Amino acid sequence: MTLFEKFEKHKTTYIYLLIAGYLLINNSINATSNWMETTRDGSPSFSMWEPFSWEYSSAISTFLLLPVLFFVWPKIPLRLTSVTQQLVKHFAISLVFSAAHVFLMVWLRKGIYWLAGDSYHFGPVMREFFYEYRKDLWGYVFFFALYHLCIFVYRRLKGEANLIENEPAEHKATPIPDYLLVKKLDREFLVKVADIEWMESSGNYVNLYSGGRIYPLRSTLVDLIGRLRSKGFSRIHRSFAVNHNAIEHIAYLPSGDGEIQLKSGRKLNLSRRYKEEFKSNLV
């Protein structure tokens, strides 16, 4: 079992352990900073356990609410259209997230103070909520960006894993299409195979370059080349494939690699690993 397969098997557990570790470290630093600041003059205004109760109650509340955000975010995918509508939705979600976070946090703090024989006062609700919302909004943006970064990296790694796994089946016979159906920006496009100049692997997708536009097709480069080889396409790199009819000329380098100049002016790297197979496909 590869390292990626091990991660794939327990990815949810690993993700939440990483988040818990981050929150523990970050909020511990905040708590100790609060304590160090208040003891600078030697007369602290609160007990040492209090800043830890504040920070850990916030961390626990955030940790409990993140699964809800992870459930909601895929239902609002990032798009280049309707940007204002997306921002409004995320603003509304961030308000609900902050309200829930403050409620859980205060509830936990009241319980902790009660166990310590004391009482916790949140303060004026609107003022304190605005104070907390500023931090919660930044936390929302941080975790939202981190979420999409992790999704991007995960898809890239999964795409590479599928590439290796499917390599032996590269030459499998499959139906040969004249057009490929591609979904882009909430629309569907019929991309003529003969008009595709080159293709680029991008995780679970292959970017098709045709007529100066890019069309992301959900597939692996291995599978797509297996279907389109007889249409005059060859793989030239672990990440690239090219349409023979789009080639202007080919230059070979002393290193054993090469460079393919397309009629459109684009230059593509020709890997030595695929050079001989590519040359044999041209004959």
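Everything below is about the structure printed above this text.
Residues numbered from 1 in each chain as written. Predicted model: local features only at pLDDT ≥ 70, side-chain atom pairs only at ≥ 80, totals over all residues. Heavy atoms only, no water.

Caption draft 1: Main features of the overall build of the chain. The number of helices and strands found in the chain is seven helices and ten strands. Since a compact globule built from 283 residues should have a radius of gyration of about 19 Å, the 27 Å found for the chain marks it as more spread out than a globular shape. For the chain, the spread of C-alpha atoms along the three principal axes comes to 85 × 40 × 35 Å. For the chain, buried positions account for 35% of its 283 residues. Of all intrachain contacts in the chain linking residues separated by at least 6 positions in sequence, the fraction that spans at least 24 positions is 55%. As presented, the chain carries roughly 17600 Å² of accessible surface, and 62% of it is formed by carbon and sulfur atoms. (Helix = DSSP H or I, 4+ residues; strand = E, 2+ residues; numbered from the N terminus. Rg over C-alpha atoms; globule rule 2.2 N^0.38 Å. Buried < 20%, exposed > 50% of the residue type's maximum accessible area, 1.4 Å probe, protein only. Contact = heavy atoms within 4.5 Å. Areas by Shrake-Rupley, 256 points an atom, 1.4 Å probe, with all protein chains shown as cover.)

Caption draft 2: A look at the layout of surface pockets. There is about 1100 Å³ of room inside the largest pocket. The wall of the largest pocket is formed by 28 residues, among which Pro77, Leu78, Arg155, Tyr205 and Pro216 lie closest to the centre. Sort the elements by how many residues they give to the lining of the largest pocket and helix α5 (residues 125-166) lands first, with six residues. For the lining of the largest pocket, a count of residues per class yields 15 nonpolar, five polar and eight charged. Approximately 710 Å³ is the volume attributed to the second largest pocket. If you trace the second largest pocket, you find 28 residues lining it, with Asn27, Asn30, Glu55, Ser58 and Lys135 closest to the centre. Breaking the lining of the second largest pocket down by element, the ones donating at least two residues are α2 (11-38), α3 (49-72), α4 (83-115) and α5. Here the element with the most residues in the lining of the second largest pocket is α5; it accounts for ten residues. Class assignment for the residues of the lining of the second largest pocket results in 13 nonpolar, nine polar and six charged. (1 Å grid on protein atoms, 1.4 Å probe; cavity = no way out; pocket = protein on both sides within 12 Å on 5 of 7 lines; lining within 4 Å. Points joined across faces, edges and corners; volume = space filled by probe spheres on them. Nonpolar A, V, L, I, M, F, W, Y, C, P; charged D, E, K, R; others polar.)

Caption draft 3: Main features of the side chain of Glu55. By secondary structure assignment, the location of Glu55 is in helix α3. The residues touching Glu55, leaving out its near neighbours within four places in the chain, are Asn27, Asn30, Ala31 and Asn34.

Caption draft 4: Structural context of the environment of Ser58. Within the secondary structure layout, Ser58 lies in helix α3. Along the backbone, Ser58 and Asn207 are 149 residues apart, and their C-alpha atoms lie at a distance of 42 Å. Not counting chain neighbours up to four residues away, the residues in contact with Ser58 comprise Asn27, His101, Met105 and Arg109.

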